[in-house]
Amino acid sequence: MTEPPRPTLERRPLREQIRQYVTEAVVAGRWAPGERIVERRVAVELGVSQAPVREALRELEQLGLVESEPNKGVRVRSFSESDLREIYPVRAGLEETAARLALPRIDDERLDALDRHVAALHAASAAGDAGAQIRHGVAFHREIVAASGNALLRSVWEALGIEVWTTLSIRVYRMDLHENAADHEPIVAAFRRRDPATSDLLREHVLGYGACALLP
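Just so it is clear, the model here is predicted, and its values are computed rather than measured. Just so you know, the residues in each chain are numbered from 1, in the order the chain's sequence is written. Note on the predicted model: pLDDT of at least 70 is required for a residue's local features to be given, and 80 or more for side-chain atom pairs to be given and counted; whole-chain, interface and lining totals, by contrast, use all residues. Think of the side-chain values as coming from all heavy atoms in the structure, minus any hydrogens and water.

## Observations regarding the overall build of the protein
Then comes step 1: Put simply, DSSP marks the helices as runs of H or I at least four residues long and the strands as runs of E at least two long, and each gets a number from the N terminus on. When its secondary structure is counted, the protein shows 10 helices and 3 strands.
Then comes step 2: For the protein, the α and β elements follow one another from N to C terminus as α-β-α-α-β-β-α-α-α-α-α-α-α.
Then comes step 3: Think of it in three bands: with a 1.4 Å probe and only protein chains considered, a residue is buried below 20% of the maximum accessible area for its type, exposed above 50%, and partly exposed in between. Scored against the burial criterion, the 216 residues of the protein give a buried share of 45%.
Then comes step 4: Counting only contacts in the protein whose residues sit at least 6 apart along the sequence, the fraction spanning at least 24 positions is 72%. Whether two residues are in contact is decided by their heavy atoms, any of which lying within 4.5 Å being enough.

Here it is, written out as C-alpha coordinates:
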(Lines give C-alpha, C1' and ligand atoms only; values in the text may rest on other atoms or scores of the structure.)
Protein backbone atom coordinates (compact mmCIF):
# COMPACT_ATOMS: atom_id res chain seq x y z
CA MET A 1 0.00 0.00 0.00
CA THR A 2 1.30 3.44 -0.94
CA GLU A 3 2.19 5.58 2.06
CA PRO A 4 0.65 9.09 2.24
CA PRO A 5 3.06 11.95 1.49
CA ARG A 6 4.97 13.20 4.49
CA PRO A 7 4.01 16.74 5.60
CA THR A 8 6.57 19.37 4.63
CA LEU A 9 7.99 21.32 7.58
CA GLU A 10 8.88 25.00 7.21
CA ARG A 11 11.81 27.14 8.36
CA ARG A 12 10.43 27.98 11.79
CA PRO A 13 10.77 26.24 15.17
CA LEU A 14 9.88 22.57 14.80
CA ARG A 15 7.83 22.50 17.97
CA GLU A 16 5.55 25.25 16.59
CA GLN A 17 4.94 23.33 13.38
CA ILE A 18 4.37 20.10 15.25
CA ARG A 19 2.00 21.85 17.65
CA GLN A 20 0.00 23.14 14.68
CA TYR A 21 0.03 19.68 13.06
CA VAL A 22 -1.32 17.99 16.20
CA THR A 23 -3.92 20.72 16.78
CA GLU A 24 -5.26 20.43 13.25
CA ALA A 25 -5.34 16.64 13.54
CA VAL A 26 -7.34 16.82 16.78
CA VAL A 27 -9.76 19.34 15.29
CA ALA A 28 -10.17 17.18 12.17
CA GLY A 29 -11.06 14.21 14.37
CA ARG A 30 -8.00 12.07 13.75
CA TRP A 31 -7.65 11.64 17.51
CA ALA A 32 -10.88 11.49 19.49
CA PRO A 33 -11.22 12.77 23.08
CA GLY A 34 -9.49 10.33 25.39
CA GLU A 35 -7.42 8.78 22.61
CA ARG A 36 -3.68 8.45 23.08
CA ILE A 37 -1.25 10.42 20.91
CA VAL A 38 1.85 8.28 20.43
CA GLU A 39 4.90 10.53 20.50
CA ARG A 40 7.09 8.12 18.54
CA ARG A 41 4.48 7.66 15.81
CA VAL A 42 4.10 11.42 15.30
CA ALA A 43 7.89 11.75 15.08
CA VAL A 44 8.06 9.05 12.40
CA GLU A 45 5.22 10.62 10.40
CA LEU A 46 6.96 14.01 10.36
CA GLY A 47 10.48 12.68 9.96
CA VAL A 48 11.79 14.35 13.12
CA SER A 49 13.21 13.23 16.43
CA GLN A 50 10.95 12.71 19.42
CA ALA A 51 12.38 15.72 21.30
CA PRO A 52 10.49 18.49 19.41
CA VAL A 53 7.34 16.33 19.44
CA ARG A 54 7.65 16.07 23.21
CA GLU A 55 8.10 19.86 23.47
CA ALA A 56 5.07 20.51 21.28
CA LEU A 57 2.88 18.14 23.29
CA ARG A 58 4.06 19.78 26.51
CA GLU A 59 2.99 23.18 25.15
CA LEU A 60 -0.38 21.77 24.06
CA GLU A 61 -0.86 20.37 27.55
CA GLN A 62 -0.28 23.85 28.98
CA LEU A 63 -2.93 25.14 26.56
CA GLY A 64 -5.35 22.45 27.70
CA LEU A 65 -5.63 20.59 24.40
CA VAL A 66 -4.07 17.37 25.69
CA GLU A 67 -3.38 15.82 29.08
CA SER A 68 -0.77 13.38 30.31
CA GLU A 69 -0.63 10.78 33.06
CA PRO A 70 2.33 8.81 34.36
CA ASN A 71 2.71 5.50 32.50
CA LYS A 72 -0.30 6.33 30.30
CA GLY A 73 1.18 8.88 27.93
CA VAL A 74 -0.54 11.85 26.31
CA ARG A 75 -4.24 11.83 25.48
CA VAL A 76 -6.63 14.27 23.87
CA ARG A 77 -8.71 16.14 26.43
CA SER A 78 -12.46 16.12 26.43
CA PHE A 79 -13.81 19.64 25.95
CA SER A 80 -16.90 21.27 27.36
CA GLU A 81 -18.68 24.59 27.32
CA SER A 82 -16.98 25.49 30.59
CA ASP A 83 -13.66 25.65 28.73
CA LEU A 84 -15.05 28.39 26.49
CA ARG A 85 -16.75 30.15 29.40
CA GLU A 86 -13.33 30.46 31.03
CA ILE A 87 -11.19 31.46 28.04
CA TYR A 88 -13.23 34.26 26.47
CA PRO A 89 -13.61 36.57 29.50
CA VAL A 90 -9.87 36.28 30.18
CA ARG A 91 -9.04 37.04 26.56
CA ALA A 92 -11.51 39.95 26.53
CA GLY A 93 -9.89 41.48 29.61
CA LEU A 94 -6.41 41.22 28.16
CA GLU A 95 -7.42 42.75 24.84
CA GLU A 96 -9.35 45.53 26.55
CA THR A 97 -6.16 46.47 28.39
CA ALA A 98 -4.11 46.11 25.21
CA ALA A 99 -6.43 48.46 23.33
CA ARG A 100 -6.29 51.04 26.11
CA LEU A 101 -2.49 50.99 26.06
CA ALA A 102 -2.31 50.94 22.26
CA LEU A 103 -4.72 53.82 21.62
CA PRO A 104 -2.29 56.74 22.19
CA ARG A 105 0.66 55.01 20.52
CA ILE A 106 -0.68 53.02 17.56
CA ASP A 107 0.82 54.31 14.30
CA ASP A 108 -0.29 54.39 10.66
CA GLU A 109 1.81 51.35 9.79
CA ARG A 110 0.00 49.27 12.41
CA LEU A 111 -3.39 50.64 11.37
CA ASP A 112 -2.65 49.80 7.74
CA ALA A 113 -1.81 46.26 8.84
CA LEU A 114 -5.21 46.04 10.55
CA ASP A 115 -6.85 47.19 7.31
CA ARG A 116 -5.03 44.49 5.36
CA HIS A 117 -6.31 41.82 7.72
CA VAL A 118 -9.84 43.18 7.35
CA ALA A 119 -9.50 42.95 3.55
CA ALA A 120 -8.22 39.38 3.91
CA LEU A 121 -11.20 38.56 6.13
CA HIS A 122 -13.53 39.87 3.42
CA ALA A 123 -11.84 37.59 0.89
CA ALA A 124 -11.93 34.59 3.23
CA SER A 125 -15.59 35.17 3.99
CA ALA A 126 -16.44 35.34 0.30
CA ALA A 127 -14.53 32.11 -0.34
CA GLY A 128 -15.98 30.31 2.69
CA ASP A 129 -12.42 29.67 3.88
CA ALA A 130 -12.65 29.08 7.63
CA GLY A 131 -8.90 28.49 7.91
CA ALA A 132 -8.08 31.87 6.42
CA GLN A 133 -10.68 33.53 8.64
CA ILE A 134 -9.02 32.05 11.70
CA ARG A 135 -5.52 33.08 10.61
CA HIS A 136 -6.38 36.66 9.72
CA GLY A 137 -8.80 37.11 12.61
CA VAL A 138 -6.15 36.06 15.12
CA ALA A 139 -3.48 38.12 13.32
CA PHE A 140 -5.75 41.18 13.55
CA HIS A 141 -6.00 40.84 17.32
CA ARG A 142 -2.29 40.07 17.64
CA GLU A 143 -1.50 43.42 15.97
CA ILE A 144 -3.48 45.23 18.65
CA VAL A 145 -1.84 43.31 21.47
CA ALA A 146 1.60 44.03 19.99
CA ALA A 147 0.69 47.73 19.64
CA SER A 148 0.16 47.89 23.40
CA GLY A 149 3.94 47.84 23.83
CA ASN A 150 3.53 45.65 26.91
CA ALA A 151 5.70 42.54 26.57
CA LEU A 152 4.20 40.81 29.62
CA LEU A 153 0.64 41.33 28.39
CA ARG A 154 1.59 39.96 24.99
CA SER A 155 3.26 36.93 26.55
CA VAL A 156 0.18 36.11 28.65
CA TRP A 157 -2.11 36.60 25.62
CA GLU A 158 0.03 34.30 23.48
CA ALA A 159 0.04 31.72 26.27
CA LEU A 160 -3.75 31.42 25.97
CA GLY A 161 -3.33 29.63 22.65
CA ILE A 162 -5.72 31.90 20.78
CA GLU A 163 -5.42 29.99 17.50
CA VAL A 164 -6.22 26.72 19.22
CA TRP A 165 -9.35 27.98 20.97
CA THR A 166 -10.58 29.95 17.98
CA THR A 167 -10.22 26.86 15.81
CA LEU A 168 -11.99 24.69 18.37
CA SER A 169 -14.79 27.23 18.72
CA ILE A 170 -15.46 27.26 15.00
CA ARG A 171 -14.83 23.65 14.01
CA VAL A 172 -15.52 21.57 17.09
CA TYR A 173 -18.29 23.59 18.69
CA ARG A 174 -19.76 24.44 15.28
CA MET A 175 -19.42 28.14 15.99
CA ASP A 176 -20.71 30.21 13.10
CA LEU A 177 -18.07 32.13 11.13
CA HIS A 178 -18.46 35.09 13.45
CA GLU A 179 -14.97 36.42 12.79
CA ASN A 180 -15.98 38.36 9.70
CA ALA A 181 -14.74 41.62 8.27
CA ALA A 182 -17.76 43.63 9.31
CA ASP A 183 -17.08 42.85 12.98
CA HIS A 184 -13.55 44.23 12.74
CA GLU A 185 -14.10 47.39 10.71
CA PRO A 186 -15.55 49.48 13.61
CA ILE A 187 -12.50 48.64 15.71
CA VAL A 188 -10.08 49.99 13.11
CA ALA A 189 -12.24 53.09 12.69
CA ALA A 190 -12.27 53.65 16.46
CA PHE A 191 -8.47 53.42 16.62
CA ARG A 192 -8.10 55.86 13.73
CA ARG A 193 -10.20 58.51 15.44
CA ARG A 194 -8.58 57.79 18.83
CA ASP A 195 -11.94 57.02 20.38
CA PRO A 196 -11.66 56.53 24.18
CA ALA A 197 -14.34 53.83 23.91
CA THR A 198 -12.13 51.64 21.68
CA SER A 199 -11.14 49.34 24.53
CA ASP A 200 -14.79 48.78 25.50
CA LEU A 201 -15.63 48.06 21.86
CA LEU A 202 -12.87 45.46 21.62
CA ARG A 203 -13.89 43.80 24.89
CA GLU A 204 -17.49 43.38 23.70
CA HIS A 205 -16.24 42.19 20.33
CA VAL A 206 -14.26 39.35 21.94
CA LEU A 207 -17.04 38.44 24.37
CA GLY A 208 -19.32 38.17 21.34
CA TYR A 209 -17.23 35.25 20.09
CA GLY A 210 -17.88 33.36 23.29
CA ALA A 211 -21.60 34.09 23.17
CA CYS A 212 -21.83 32.75 19.61
CA ALA A 213 -19.75 29.66 20.44
CA LEU A 214 -22.05 28.81 23.33
CA LEU A 215 -25.29 29.16 21.40
CA PRO A 216 -27.16 25.85 21.07
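## Structural notes on the sheet that holds strand S2 (residues 66-69)
Then comes step 1: For two strands to be treated as a pair, DSSP must find at least two bridges joining them. Reading across from one edge, S1-S3-S2 is the order of the 3 strands in this open sheet, with antiparallel pairing throughout. The open sheet terminates on both sides in strands that have one partner only, identified here as strand S1 (36-37) and S2.
Then comes step 2: The sheet contact formed by S1 and strand S3 (residues 73-76) spans 2 bridges and is antiparallel. Of the residues in S3, the one forming a bridge with Ile37 is Val74.
Then comes step 3: The angle between two axes is taken between their N-to-C directions and runs from 0 to 180 degrees, where each axis is a line fitted to C-alpha atoms and a helix contributes only its stretch in contact. Strands S1, S2 and S3 of the sheet are contacted by helix H3 (residues 50-63), whose axis makes an angle of about 110 degrees with S2.

## With respect to the side chain of His117
Then comes step 1: Relative to the helices and strands, His117 is located in helix H5 (residues 108-127).
Then comes step 2: Contacts described as polar in this section are N or O atom pairs within 3.5 Å, which, within protein, must combine one atom able to donate a hydrogen with one able to accept it, while residues neighboring in sequence count only if both atoms come from side chains. A polar atom in the side chain of His117 sits 3.3 Å from the side chain of His136.
Then comes step 3: Those residues within four positions of His117 in sequence are excluded, and the remaining contacts are His136, Ala139, Phe140 and Glu143.

## Thoughts on the pattern of salt bridges
Then comes step 1: Whenever a carboxyl oxygen of Asp or Glu lies within 4 Å of a side-chain nitrogen of Lys or Arg, that contact is scored as a salt bridge. Summed over the entire model, instances satisfying the criterion amount to 15 salt bridges.
Then comes step 2: A salt bridge links Arg203 to Glu96; its shortest N-O distance comes to 2.8 Å. Note that Arg203 is positioned in helix H10 (residues 198-213) and Glu96 in helix H4 (residues 81-102), a separation of 107 residues in sequence.
Then comes step 3: Classification of Arg203 as partly exposed rests on a relative accessible area of 22%.
Then comes step 4: The exposure class assigned to Glu96 is buried, which follows from its relative accessible area of 15%.
Then comes step 5: For the salt bridge of Asp200 with Arg203, the shortest nitrogen-to-oxygen distance reads 3.0 Å. Within this pair, Asp200 and its partner Arg203 are both found in helix H10, separated by 3 residues, close to a single helical turn.
Then comes step 6: With relative accessibility at 35%, the residue Asp200 sits in the partly exposed group.

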